[in-house]
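# Examining the three-dimensional arrangement
For reference, the chains in residue letters:
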Amino acid sequence: DVLSGSGLSSSAAFEVLLGTILNHLFNDGKVSDVEIAQIAQAAENKFFGKPCGLMDQTACAVGGFITIDFEDPSSPVIEKLGFDLAKEGYALCIVNTGGNHADLNEDYASVPAEMKSVAHEFGREVLRGLTQKDIIDRIPELREKVGDRAILRALHFIAENDRVGEQVEALKAGDRNVFFEGVMASGRSSYQYLQNVYTTKNVSEQGLSLALCVTEAFLSGTGAAWRVHGGGFAGTIQAFVKNAAVAEYKKNIESIFGEGACHVLKVRPYGGIKVVE
């Protein structure tokens, strides 16, 4: 039931599903969620050719609201946060704008490649450990060597890491509003600096931009939050909508993107799991 090519991590979900099935059929369920996620990532990197990270696979394998620290990709640190969106009176609405990810591997690959190009100028493999000041102090030099977009994406990365920490603390404290503020700030930064809301290959098609624009018109002032979902460039946006406003939002957004475009979801506390004996 996961929409393929729409930014809902359908590939990661399918990979984790297969890993979970094989784990219980042949390994007595002893293979950990993290290892299943790592195997899934390897399949996508090596056999599909998409240089994705480990986040989607880990989220699918573990389930629920979680925070993941990938400082050591071979042993990511995962913490379940126990946040219950339904108890807060909200639903997660995923809007499928109709775009497809099938031909966007180059766009996705450019994001980590450009970030790493900045890191390499500091003698590092990755940006982690650098500060905003480190990069700003060398912008004139970096512009000549890696280009403006790479710098913007690097600055987004550093700010986003700080933002995630703040959002985690907000969820632990049960502060939904601060979490939503982080969602909005993250979405704006993705649009402006990471630049993953539309592909430059076809600038006349900007379904995600349009969905974000009309969602702002529909939901401003209602206590909602919204942003691009997943890797972006095409596919879906996410919106945290009060239950009382879901039906109206679904009606309005589907008048633009078509019947069935808005999927009202719950975040289950389980990832890959055996459900029957």
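The preceding data block contains the structure.
Cut-offs used in this document
Residues numbered from 1 in each chain as written. Predicted model: local features only at pLDDT ≥ 70, side-chain atom pairs only at ≥ 80, totals over all residues. Heavy atoms only, no water. Helix = DSSP H or I, 4+ residues; strand = E, 2+ residues; numbered from the N terminus. Expected span 1.5 Å × (residues − 1). Contact = heavy atoms within 4.5 Å. Buried < 20%, exposed > 50% of the residue type's maximum accessible area, 1.4 Å probe, protein only. Phe/Tyr/Trp six-rings, centres within 6.5 Å; stacked < 30°, edge-to-face > 60°. Patch = residues over 30% accessible without salt bridge, like charges linked within 9 Å, V, L, I, M, F, W, Y side chains within 5 Å. Areas by Shrake-Rupley, 256 points an atom, 1.4 Å probe, with all protein chains shown as cover. Salt bridge = Lys/Arg side-chain N within 4 Å of Asp/Glu carboxyl O.

Here we come to helix α1 (residues 10-26). For α1, with 17 residues, the first-to-last C-alpha span of 24 Å sits near the 24 Å given by 1.5 Å per residue. The inward-facing, buried residues of α1 abut α2 (33-48) and α3 (55-62). Just beyond α1, the residue with positive phi is Asp 28, at close to 55°.

What follows is about the environment of Asn 161. Its place among the elements puts Asn 161 in helix α7 (residues 148-172). Relative accessible area serves as the criterion here: at 40%, Asn 161 is assigned to the partly exposed category. Separated by 92 residues in the primary sequence, Asn 161 and Asp 69 have C-alpha atoms spaced 9.9 Å apart.

Given two aromatic rings, their pairing is described by the distance between the two centres and the angle made by the two planes. All chains considered together, the criterion is met by eight aromatic pairs. A ring pair is formed by Tyr 90 and Phe 180, whose centres lie 5.1 Å apart and whose planes are at 70°; its orientation type is edge-to-face. With Tyr 90 in strand β3 (residues 90-96) and Phe 180 in helix α8 (residues 176-194), this residue pair connects regions lying 90 residues apart in the sequence. By relative accessible area, which is 4% here, Phe 180 ends up buried. Ring geometry for Phe 179 and Phe 240: centres 5.8 Å apart, planes at 75°, overall edge-to-face. Within this pair, whereas Phe 179 is found in helix α8, its partner Phe 240 is found in strand β5 (residues 236-242), the two being separated by 61 residues in sequence. Linked through ring pairs, Phe 65, Phe 83, Tyr 90, Phe 179, Phe 180 and Phe 240 together constitute an aromatic cluster.

Moving on, we come to a nonpolar patch on the surface. A surface patch of nonpolar side chains, amounting to about 730 Å² of accessible area, comprises Phe 14, Leu 17, Leu 18, Ile 21, Leu 22, Leu 25 and Phe 26. Relative to the elements of secondary structure, Phe 26 occurs in helix α1. When its relative accessible area of 62% is taken as the criterion, Phe 26 is described as exposed.

Our focus in this paragraph is unusual backbone geometry. Even without a glycine there, the phi angle at Asp 28 is positive, about 55°. Inspection of the secondary structure puts Asp 28 in the loop between α1 and α2.

For Ala 224, the location among the structural elements is in the loop between α9 (207-219) and β4 (225-228). On the basis of relative accessible area, Ala 224 is assigned to the buried category, the value being 14%. Linking Ala 224 and Lys 242, residues 18 residues apart in sequence, is a C-alpha distance of 6.7 Å. Ignoring any residue separated from it by four or fewer positions in sequence, one finds Ala 224 in contact with Tyr 90, Leu 219, Phe 240 and Val 241.

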